Every structure is written in structure tokens, then in C-alpha cells.
Amino acid sequence: MLPAATPKLLDARRGPVAAWQARARWHVIAAFAMPAVALLHIFDEAAFHYFLRPVWKLRELQPAGFMLPDWYQVLRQVGNLELWVILSLMLWGVDAARVHSVFTPAAFRRAWLLLAGSAGAGILAEFMKLIVARERPISGGSIDYQGYVHHIPLIDPLLGQGNLGFPSSHAAVAFGAAITLARLIPGTLPVMIFLALGCAWTRLLMGAHFLTDVAGGAALAWIWVTWLRPETRMPASEIAR
């Protein structure tokens, strides 16, 4: 028989990083993450021009009608909310089979938490784009660096002006799903963070975002999932398994 899963025991089973996250509050994460994103501004232009180097040919392939590499397609879809809707439904099915019931909380709890972690981060990112109103580094298909272009917050975006990029919603969805799943299924953190980083990398390869756009999306997701605290919404016995 398993011993009672006390918070201290659960922290030990999750590992040191997850244990620290479990104790931290969202405002502590925000106080650490947002200044770090602000400091990354000094690398935005250098990172953009680095990914313009001839070795990165993806942006030249897409307008010409060529198929992008499979690895690129796979990593980019990690930031696609539709993927996580499908995986949430699959997780619901797995848990429903485990508890022999479809509509009990134990059947759909992990599914809705995964969906809340990914969708919530993406929605917050889209809303923040209206507040910050900063355009992407390129516009209209041109690969010429246009620097920082800002619009009037809330007004211009709602009028359909601007091609807003901060924070990256792809990065927010990817990291929101990755961090949530890692908290719900201990041991998945390395793989999930690798996939989320891969998604962020694809956004830089295409010139769709500044470095701080994807870093801001990741930070926003981290703050959101820390506030959501999905592991505290699960019975201790289920997390310990």
C-alpha cells in the first residue's frame, strides 16, 4: 500500500524544479520572468539577422510554394491550439477507461486542465498583443528588418491595423501546454520543454517574431500555469501515480 501522499512527499517525487514551482506564486514568477524578457531586448536585432543567414532557407521556400521540412511542421504545430484540443480529448478517453466512467471528475480532470493551460495562455497572449501593439519584425512578406513599430494600444489593433507580434501566441500555447502536462504527468518535463523550445525556434526561423516575442509568450505561459496550479486541482493519489 502506498504511503499517504503529503505535499512534502509529492514535492520530492516531482523533482527540485517542480517542487520550487509548486511553492512559488504567480507574482513571484512574474517578478523574475518579465524583467528577464525586457533584458532580452538588446538581442532582438542580432537574433533577427542571425536567422536571416543563408543557412536558414525556410523563408525562401514558403513563398515559392515548396513544402517545408517535416521537422519544421511538427515543431510548429506544438503551438497550435487544435493539437492540444485533440490531445485533451485523448487524455479524457484514457482516464475515462482507467476509472470506467466518462463524466466523472476523475475522467476529465486532466483533460480540462491541459486545455485550460494551453488555451488560457494563448488567449492571454492575444489580449496582450492588443495592449502592447508591437508589430512583428517583418511585414507584408518582406524580409527587411523594420525595427520596432508600435501602434496605439487597443485602438489601432481593433481597427485592423498592424501585424502584432508581442507576445507570440504560438509560444504561449506551446509552453502553456508543456508546463501543464509536465505538472500533471511527472517525468515529461524535458521532452515537453524541448518541443516548446522547438516551436519557438520555428517562429524565429520564419522571421515571424522577435526573440522577445517568443520569450514573452513563454514567460506569460509560465505565469499563467503557476496561477492555475493544475497539480493542486488533482487528488494527491492521482499525481503520485
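Residues numbered from 1 in each chain as written. Predicted model: local features only at pLDDT ≥ 70, side-chain atom pairs only at ≥ 80, totals over all residues. Heavy atoms only, no water.

Enquirer: Account for the overall build of the chain, naming residues and giving values.
Expert: In terms of helices and strands, the chain carries 13 helices and zero strands. Reading the chain from its N terminus to its C terminus gives the helix and strand order α-α-α-α-α-α-α-α-α-α-α-α-α. Contacts in the chain between residues far apart in sequence, at least 24 positions, make up 74% of those at least 6 positions apart. Entry remark: accessible area of the chain is about 12500 Å², with carbon and sulfur atoms responsible for 72%. (Helix = DSSP H or I, 4+ residues; strand = E, 2+ residues; numbered from the N terminus. Contact = heavy atoms within 4.5 Å. Areas by Shrake-Rupley, 256 points an atom, 1.4 Å probe, with all protein chains shown as cover.)

Enquirer: Break down helix 10 (residues 169-184) for me, with residues and values.
Expert: Spanning 16 residues, helix 10 covers 22 Å between terminal C-alpha atoms, matching the ideal 22 Å at 1.5 Å per step. Here helix 10 lies mainly inside the structure; 16 of its 16 residues are buried. For helix 10, the N-terminal capping position is held by serine 168, with its side-chain oxygen 3.4 Å away from the main-chain nitrogen of histidine 170. (Expected span 1.5 Å × (residues − 1). Buried < 20%, exposed > 50% of the residue type's maximum accessible area, 1.4 Å probe, protein only. Polar contact = N/O pair within 3.5 Å; in protein donor to acceptor, adjacent residues only side chain to side chain.)

Enquirer: Got a sec to walk through the packing of helix 8 (residues 105-132) against helix 12 (residues 211-228)? Specific residues and values, please.
Expert: Axis angle and axis distance: for two packed helices, these are the angle between their axes and the distance between the axes, and together they describe the pair. Relative orientation of the contacting elements helix 8 and helix 12 amounts to 135°, with a least axis distance of 9 Å. The angle between helix 8 and helix 12 falls in the class oblique. When the axes of helix 8 and helix 12 are compared, the crossing they make is right-handed. Where helix 8 abuts helix 12, its residues Leu113, Ala116, Gly117, Gly120, Ala121, Leu124, Ala125 and Met128 lie against Leu220, Ala221, Trp224, Val225 and Leu228. When the residues that make up the contact of helix 8 with helix 12 are grouped by side-chain class, the tally is eleven nonpolar, two polar and no charged. (Axes fitted to C-alpha atoms, helices over the stretch in contact; angles between N-to-C directions. Parallel < 35°, antiparallel > 145°, perpendicular 65-115°, else oblique. Left-handed = near helix turned anticlockwise from the far one by under 90°. Nonpolar A, V, L, I, M, F, W, Y, C, P; charged D, E, K, R; others polar.)

Enquirer: Provide a residue-level description of the environment of glutamine 146, including the pertinent values.
Expert: Along the chain, glutamine 146 falls in the loop between helix 8 and helix 9 (155-158). Of the residues examined, glutamine 146 reaches a relative accessible area of 30% and is grouped as partly exposed. Separated by ten residues in the primary sequence, glutamine 146 and arginine 136 place their C-alpha atoms 8.7 Å from one another.

Enquirer: How would you explain the packing of aromatic side chains if you had to name every residue and give the values?
Expert: For the structure on display, the rule yields seven aromatic pairs. An angle of 80° between the planes, with centres 6.2 Å apart, marks the rings of tryptophan 71 and tyrosine 72 as edge-to-face. Judged by its relative accessible area of 39%, tryptophan 71 falls in the partly exposed class. Judged by centre distance (5.1 Å) and plane angle (45°), the ring pair of tyrosine 148 and phenylalanine 210 falls under tilted. With a gap of 62 residues between them, tyrosine 148 in the loop between helix 8 and helix 9 and phenylalanine 210 in the loop between helix 11 (189-205) and helix 12 connect regions that are remote in the sequence. Judged by its relative accessible area of 38%, tyrosine 148 falls in the partly exposed class. Owing to a relative accessible area of 1%, phenylalanine 210 belongs among the buried residues under this scheme. (Phe/Tyr/Trp six-rings, centres within 6.5 Å; stacked < 30°, edge-to-face > 60°.)

Enquirer: Can you explain the packing of helix 7 (residues 81-99) against helix 8? Please cite residues and give values.
Expert: The contact between helix 7 and helix 8 brings their axes to 7 Å, and the two run at 165°. The angle between the axes of helix 7 and helix 8 places the two elements in the roughly antiparallel class. Considering the relative orientation of helix 7 and helix 8, their crossing is right-handed. Contacts from Leu81, Trp84, Val85, Leu87, Ser88, Leu91, Trp92, Asp95, Ala96, Arg98 and Val99 in helix 7 reach Ala106, Ala107, Phe108, Arg110, Ala111, Leu114, Leu115, Ser118 and Ala119 in helix 8. Across the contact of helix 7 with helix 8, the residue classes break down as 15 nonpolar, two polar and three charged.

These figures capture arrangement, not role.
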